[in-house]
Amino acid sequence: MGDIVKLKINGKEFEAPKGKLLIEVCLENGINIPNFCYYPDLTPQAACRMCLVRIEKMPKMATSCTVEVAEGMVVTTDTEELKDARKGMLDFILGNHPLDCPVCDKGGQCELQNMTFEHGTVFAHYNVKKNNTPEWRLSPFIAYDPQRCVRCYRCIRECTEVMDVNALGKIFRGHHEVIGPYGLGMDKSGMEKGYSLDCEQCGNCVEICPVGALLSVDSRFRSRPWDMKETVTTCTHCGDGCQMNLGIRGTNYVRVASKDMTGINGEFLCVKGRYGCSFISNPERITKPMIRRNGNFEAVSWEEALKFTASKLKEISNSNKDAVAVLGSPRLTNEANFTLRRFAKGLGTKNVGQVADADWDRFFANLTAPIATHKDVKKAKVILMIGGDATENHPLSGMAIRYAVRKRQAKLMIVNSRRTKIARRQAKLFLHTRPNAEAAVVAALFEAESEVSRLAELAKVKVEQLQKLREEVLNSEELIIVVGPEIKGATLEAVAQLAAFLNKHKERPIHYLPLATYNNTVGALDMGLLPTGHSLMRGFGSQIQALYLAGSNPVEQYGSEWHTALKKLSFLAVAELFMTETAKLADVVFPVNSFAEQDGTFTNNATQVQRVNRAVEGGGQVRPDWMVINALAREMHVDIAAKGSAVSIFRDIAAEIPGYNGITYERIKKESAVQTTRPLASAKAVEAICQDLGAECARIDTKAELNKTNVAQGEGLFRLGTLTKHSPVMQEAFGKTEKGKADTVTA
Amino acid sequence: MAELKVLTARFNTPNSTDIDTYLKDGGYQAIAKALKMTQDDIINEVKKSALRGRGGAGFSAGMKWSFVPRQLNKPKYLVCNADESEPGTCKDRPLMELDPHQLIEGMTIASYALGANLSFIYIRGEYWYLVAILEKAIQQARDRGYLGKNILGSGFDHDIIVHPGAGAYICGEETALLNSLEGKRGHPRIKPPFPAVVGLYGCPTVVNNVETLAAVPHIINKGADWYRSLGTEKSGGSKMFSLSGHVNRPGNYEVRMGYPLMDLINVEGGGMRGGKKLKAVIVGGSSVPIINAEDSAKCNLDYESCQSVGTMLGSGGVIVMDETVDIFETTFNLIRFYNHESCGWCTPCREGTDWLMKIFKKIKAGMGEESDLDLILKLCFNIEGRSHCPLGEAAVWPITSAIKKFPEDFKKHLRKSLPVLSMANA
Amino acid sequence: MFSPEIEKKIDATIAKYPHKRSALLPLIHIAQNEQGQVTEDAISYIAERLDLTPVEVYEVVTFYSMYFLEPIGKYNLQVCRTISCMLCGAYDILEHLRNKLGIKNGEVTKDGRFRLTEVECLGSCSTAPAMQVNFDYHENLTPEKVDQILSKLP
């Protein structure tokens, strides 16, 4: 693809693909070009004028961020004239800059500081009064200091091009121009009357700001950048598994940033990742083991708690091994879930699993094509998305899909019963079905053409639309199939079989991306924890008398049914971070480490294994989940081949779990994310698939009307979960709102 | 021979805006003729006429038209730039006010040559009253079949939308104008691509000044050679000049290209007001370098002659200043203008005009020092050739030329540098 | 939010353009001419009509000098201050108006009748000095002529 051209820069020959931006060619070849407004993948601006170069045959200096390289181009970047131009430009930028670096959060990580140091003058020429502008709080998360702003418009482009939110704009004209949301400056007294940044609060504008103009409110004045220790780790808030830099000062949380750029997400994070991790330093964390005595919890020693638990479990297990159940969680590390699984095996109980309500086990059992990484999605040409709301619940997947549409003009086709934002704004084809009627659309992909109109009616979509979808999918040259967590049962199995069905007609590269809900949904399944929680719950108090429950809060998540069931148990042990509604019912509560305080791995929805790294020591007497299990097993004299560290547990995982062979911590460190391999299922007979789908279709409520309400911004992002509700800034912003209503569907 | 009546020929005709009057005066014959020509023939004719853009840049109109990829399977657009905002320039206003059909006919011919079926008149919002005049004329043209579907049975469709701006000098820059027309802020776009290839809504677009388009019917009617012969070899035809400032008869005058500047002032303008002496002239609207009386005497009104005395013909806004004028004050007036009108997009223009304005304020307050003049020149140097669009240059040329040509007017505002306190005094 | 007649005008304006966003500037004019300023309600309304976010409308409103976010009084006296008018006495006209009305640039008289707005070149250079009262041009001004114009306003 693309021709290679030869060009000369500073007298040296270089080769580059034709049409590539000159600045990119220079930077890639180690030729330093200062810049503010240039940013990879964002539209060129030519605004900051820092990147001026000389190009032969051009009358004026040219901005290298807008010029595409061409054959025979002769460029100079280092003449006195250009150095002088850069000095002059920095003089202009620094003119009205407050130079308040000593109290600026960005000090030390500031591109303007670095640029001035390298390209600026030593003396300031600005001999007139600076323009003073007040600082504005744009939202509970984001503040803006216009005087520090260099007007590079990165933030605006991030907000419009990458996020498709359009909440930030340029306000006023000329030297009065500021960056801001709607209403900024409308009220002359400033923004005192309230926040007005109506957006997803992702904070990517803060991340991308080269200076200290856009700032995160929750970490302001908390630490100089060099004063905190930053650890790269994996986000705990959804299945995408973004990499983040967790900044800790002493033992306290300071901020999350994504400056690293090496992870699967580059600089991207969402509101939960960026602002939802301060729960780790919340003083409400459980710090000591507790035993309930006479209805009240008493803090006890680990020894006592373990002994008590061991004796209880043993007592019940001795009468009937299956009377003890062990439930892990899609929130825990692979190491923890693996150890739990071993523990259950050691106890000899068949009642082991996790509390979850998606059918991803059925999906993976029927999978007929490999899984796509987010990087693959970004390069996609055709995307079929069935169910799911990536923008709200899988922000990185949403960003990757939008990227493909924006940069590759990908054909995005969406089947959904709800009017999600991505469907409304990005889809080339949006099949808006009646509630729970996706099965009919999926069936239309397998069935004969003669069935299409009947199925369209069933799904309440237009026949032409369904026809078009069929054509586009059947004839696609390549395809990525994204499937949401609400797609279940035979429909989900059929989706997983679709690749094999399509490839029978015509071989083509097909990949899947399952939008698994939690940070380690896939890993928990891989570790052998099937979503059996709900069915086991029905046996509480009868076949099952004792439960060891780690990292789940089903009482808040699923309500009274669980509450009643858990109360029927003779013994309940819960390992948790906070005293959840579920933990309150326990006989014993073990305080465990959050993701930030331990080593381990998560497997994301693209089935990539990524590291969880200890960023901070756990306070009090908290332990990792696996360590608690090890100790309990020892106390019970149950042999689980216990390992004494996360790394050695992972070695066992790599040896035992199919698909994890060959993965080591070292390799993950090197590659950041390592995709697991998974066996592909054989293709089922079309007739069988159609029959199963037929049964699903028969369940469609044909009286149900279309849900015409648009999915509101923040429906998923702003909902507080078990962890995020303990993040002070999230609580302040969303605690009292309708959207924020505590609900543990999300972490 | 002084004034020439080509574009302005009908200005004194009673009821000149009415289509019947226009037809009686021979109007809409050019379009009939043009529709029988090929698109290339029209473009070549306009090229041959040496008609150069009357908005300020002076680029060959025919060349501009020829850059449009007509074979491209996208709509093409013609946009008439009626955002007349260059200080000193008010010539497009009477062209629209007194002879709208001349413009409509010119636009229709241009659109036919470009393969455009829809064109726009982007008119500055302040000319609100002209919108009604233009829309009435457009409706008349539609009713008579000079606009709309199948014009004069040729199969060519064309319509015009009048689009008011809302107060922004920068929208006179063609790409800022296109952004504004698309409902955005008027920031200039990155060039290339040029509008002729990627313009309005991403489609090939030609943006021409009102006066440029108004000349087109005459070129078609009477031929390129005739038109060219009115002016000089390189700058064909006649041009309108807005004469303002200290003359006895300020006004819009149409003269041949190459007409002596002093004749315009003394003959058309009736000489200096109050018999005062000429001090300075800005020839082409406020953005061009100012010249003194001596250079004015050598200056003819064409692109080349203006260049030879260190200025530019620009948009033809001739601002005449007599001996009583303090050039510092007029320059301050202009930097305030450019500071107010800078769009804010690029660093040097946004920050530079603000900084310059502050220094001028300081000097005006009597606090200026010799070094401030050096700093002004240094800042101007840092803006010139480094800004995103020509507004940066437009802002600094008046300043650098004024300081160069009239240094005394600046120096008299400066205070003596404060004596440096020696240690002994301290 | 507007009268049926204005709504009709808005519909027609949007329909005119190949891309509806182009109707943004004309629509803001229509709203301002109706309401005497650009109101928050008008911004939300226009944003909705053109499928834009409010900030996309607000960006445009704050860019152009003819749009006003605060009430502009019954008569907006927009006096040109740029070079040609300046040479012909614009500063005197401004001084005269400031003294006569007791307001500075950008202020509105207490009775809400007049706003004084210094504007840049109005394109009346050959008929300088000039001012616009709302959309009406008044040229070749002298202080006396200004008095007459103001006294004749209803």
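Cut-offs and rules
- Residues numbered from 1 in each chain as written.
- Chains lettered and ligands numbered in written order.
- Predicted model: local features only at pLDDT ≥ 70, side-chain atom pairs only at ≥ 80, totals over all residues.
- Helix = DSSP H or I, 4+ residues; strand = E, 2+ residues; numbered from the N terminus.
- Rg over C-alpha atoms; globule rule 2.2 N^0.38 Å.
- Buried ≥ 20, exposed ≤ 12 C-beta atoms within 10 Å, placed from the backbone.
- Contact = placed C-beta atoms within 7 Å.
- pLDDT = per-residue confidence, 0-100.
- Axes fitted to C-alpha atoms, helices over the stretch in contact; angles between N-to-C directions.
- Parallel < 35°, antiparallel > 145°, perpendicular 65-115°, else oblique.
- Nonpolar A, V, L, I, M, F, W, Y, C, P; charged D, E, K, R; others polar.
- Pairing = 2+ DSSP bridges.
- Core = buried A, V, L, I, M, F, W, Y, C linked by C-beta atoms within 7 Å.
- Expected span 1.5 Å × (residues − 1).
- Arc of directions from axis to C-beta.

A. Spatial organisation of the overall build of chain B. In terms of regular secondary structure, chain B is built from 18 helices and eleven strands. A globule of 426 residues ought to have a C-alpha radius of gyration of about 22 Å, and chain B, at 23 Å, matches this closely. The buried share of chain B, reckoned over its 426 residues, is 60%. The contacts in chain B between residues at least 6 apart in sequence include a share of 71% that link residues at least 24 apart.

B. Fine view of the confidence of the model for chain B. Looking at chain B, pLDDT values average 95 and 97% of them are 70 or higher. Across the whole predicted complex the pTM is 0.94, and at the interface the ipTM reaches 0.97.

C. Broad picture of the confidence of the model for chain A. On average, chain A scores 94 in pLDDT, and the residues at 70 or more come to 97%. Across residues 743-747 of chain A, confidence stays below pLDDT 50; counting only partners more than four residues off in sequence or on other chains, it has 22 contacts.

D. Structural view of the packing of helix α14 (residues 327-341) of chain B against helix α17 (residues 391-405) of chain B. Residue and element names in this part refer to chain B. Closest axis-to-axis distance for the α14/α17 pair is 10 Å, and the angle between their directions is 170°. As judged from the angle between their axes, α14 and α17 are roughly antiparallel. Here I327, T331, L334, I335 and Y338 of α14 lie close against α17, whose contacting residues are L391, A394, A395, P398, I399 and A402. Residues that form the contact of α14 with α17 fall into these classes: ten nonpolar, one polar and no charged.

E. Structural view of the sheet that holds strand β28 (residues 673-675) of chain A. Residues and elements named next belong to chain A. As summarised here, the arrangement of the three strands in space is β26-β27-β28, forming an open sheet in which the pairing is antiparallel. Both edges of this open sheet fall to β26 (600-603) and β28, since each of them pairs with a single strand only. The average angle at which neighbouring strand axes cross in this sheet is 30°, direction not considered. Pairing analysis gives four bridges linking β26 to strand β27 (residues 608-612), with the strands arranged antiparallel. Bridge pairing in β27 links T603 to V609.

F. Fine view of the interface of chain B and chain A. Every contact between the two is made by 24 residues of chain B and, on the other side, 25 residues of chain A. When contributions to the side of chain B that touches chain A are tallied by element, the ones reaching two or more residues are α14, α15 (347-364) and α16 (370-383) of chain B. By residue number, the principal contributor to the side of chain B that touches chain A is α15(B), which donates ten residues. When its residues are assigned to classes, the side of chain B that touches chain A shows eight nonpolar, nine polar and seven charged.

G. The arrangement of the nonpolar core in detail. Judged by nonpolar contacts, the single largest core of 427 residues is most densely connected at A:I383 and A:A440. Those residues in contact with A:A440 that sit more than four places away from it in its chain are A:L455, A:L458, A:A459, A:C697 and A:I700.

H. Main features of the environment of A:K170. Structurally, A:K170 can be placed in strand β8 (residues 169-171). Beyond its immediate chain neighbours, meaning those up to four positions away, A:K170 contacts A:I156, A:E177, A:I179, B:R185 and C:E59.

I. Layout of helix α7 (residues 302-319) of chain A. Residue and element names in this part refer to chain A. If you check α7, its first and last C-alpha atoms are 26 Å apart, about what 18 residues at 1.5 Å a residue would give, namely 26 Å. What α7 keeps buried is the set A305, L306, T309 and L313. The buried residues of α7 occupy an angular sector of 90° when the element is viewed end-on, so they sit on one face. Seen from the open side of α7, the exposed residues pointing more than 90 degrees away from its buried face are E303, N318 and S319. Tucked inside the fold, the buried residues of α7 contact β14 (290-293), β16 (324-328), β23 (546-550), β24 (571-576), β25 (588-591) and α22 (625-636).

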